[in-house]
Amino acid sequence: MADRVRIGLIQAKNEVHGDEPVHLHKEKAIEKHVKMVRDAAAKGAQIVCLQEIFYGPYFCAEQSTKWYESAEEVPNGPTVQQFCALAKELGTVIILPVYEKVGIATYYNTAGVIDADGTYLGKYRKQHIPHVGVGSSGCGFWEKYYFKPGNMGYPVFDTAFAKVGVYICYDRHFPEGARLLGLNGAEIVFNPSATVAGLSEYLWKLEQPAHAVANGYYVAAINRVGTEAPWNMGEFYGQSYLVDPRGQFVAVGSRDQDEVIVADMDRSKIREVRDTWQFYRDRRPETYEDMVKLLP
């Protein structure tokens, strides 16, 4: 593998009103994101990541069974299959965050990982599920209504260009999984998100650079942009970015524009940082047993 790998991050507005039918949301969003993935590949991106549940609005602002209709099987659903074909055509790795349905009515917040030859490599299911109100209008991150917690651990995928881990949105507040992704071999961790101004924006550029430093890998953080009616729970503030293992920002997107952010990760910097800061050598897991005990 070459040391330099070009990363593409896609942030975009949802342009369909939330009262419209699910199929229209998916049709318009998929059409839009296919074009943006092609744009990223044309700019040389070798690994491309889309935003959290990219093919519609952030519907967790309300609690409605309507949105169960948007869930698909992974990898056998039509959206994953379409993007497998696209990845093969473009020779690009794609991290594809979707709403996953299992069996009759079990649902997860999931990201499929597709290799550059179109092979489906596996998936990550969001582990930490928020249920948090925002503002005074009844809106919130009502995710426990829609998703079971992930049950597949913290896998790392050996793609054509890099060893990739995935963390999804609220996961970023938990350092334990970030460390496990590093222990499992991740060179870059992607965090597709949907987060609004006010509640935790001040953490957006603190926590994930800290994960990058503590674990000696790159982090790619992706956030959507704009406001979404009818909920108007706040502004999705974009600012998708790539940060290196020293906590330095390689590239940062705009706050309010559809954008393909393209920047390079450098595997040699990972080696350099890990040779300097021997956090994996010096960690003391035998002293951390209390972390996994149930508190009274």
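To keep things clear, this report deals only with the structure shown in the data block. Just so it is clear, the model here is predicted, and its values are computed rather than measured. (Residues numbered from 1 in each chain as written. Predicted model: local features only at pLDDT ≥ 70, side-chain atom pairs only at ≥ 80, totals over all residues. Heavy atoms only, no water.)

What follows is about the environment of Lys 88. Structurally, Lys 88 can be placed in helix H2 (residues 78–90). Along the primary structure Lys 88 and Val 164 are separated by 76 residues, whereas in three dimensions their C-alpha atoms are 18 Å apart. Apart from the residues lying within four places of it in its own chain, the contact partners of Lys 88 are Ala 116, Asp 117 and Gly 118. (Helix = DSSP H or I, 4+ residues; strand = E, 2+ residues; numbered from the N terminus. Contact = heavy atoms within 4.5 Å.)

Okay, unusual backbone geometry next. Across residues other than glycine, the phi torsion is negative in most instances, and most of the peptide bonds are trans. The omega angle of the peptide bond from Val 74 to Pro 75 is 15°, so this bond is cis rather than trans. On the secondary structure map, Pro 75 appears in the loop between strand S2 (47–49) and H2. Despite not being glycine, Ile 53 shows a phi value in the positive range, around 35°. For Ile 53, a relative accessible area of 6% corresponds to the buried category. Unlike most non-glycine residues, Gln 239 shows phi in positive territory, near 55°. Within the fold, Gln 239 resides in the loop between strand S13 (236–237) and strand S14 (241–243). (Buried < 20%, exposed > 50% of the residue type's maximum accessible area, 1.4 Å probe, protein only.)

Next up on the list: the nonpolar core. Burial of nonpolar side chains together is a common tendency in soluble globular proteins. Membership of the largest hydrophobic core comes to 45 residues, with the highest contact counts inside it found for Leu 50, Phe 83, Leu 96, Tyr 99 and Met 233. Counting residues per element, the ones that place at least two in this core are helix H1 (22–42), H2, strand S3 (93–102) and strand S4 (106–114). Among the elements that make up this core, the one with the highest residue count is H1 (seven residues). Beyond its immediate chain neighbours, meaning those up to four positions away, Phe 83 contacts Ile 30, Val 34, Val 37, Leu 50, Phe 54, Ile 94, Leu 96 and Ile 114. If you look at the next biggest cluster of nonpolar residues, it comprises 43 residues, including Val 93, Tyr 154, Leu 181 and Ala 263. (Core = buried A, V, L, I, M, F, W, Y, C linked by side-chain atoms within 4.5 Å.)

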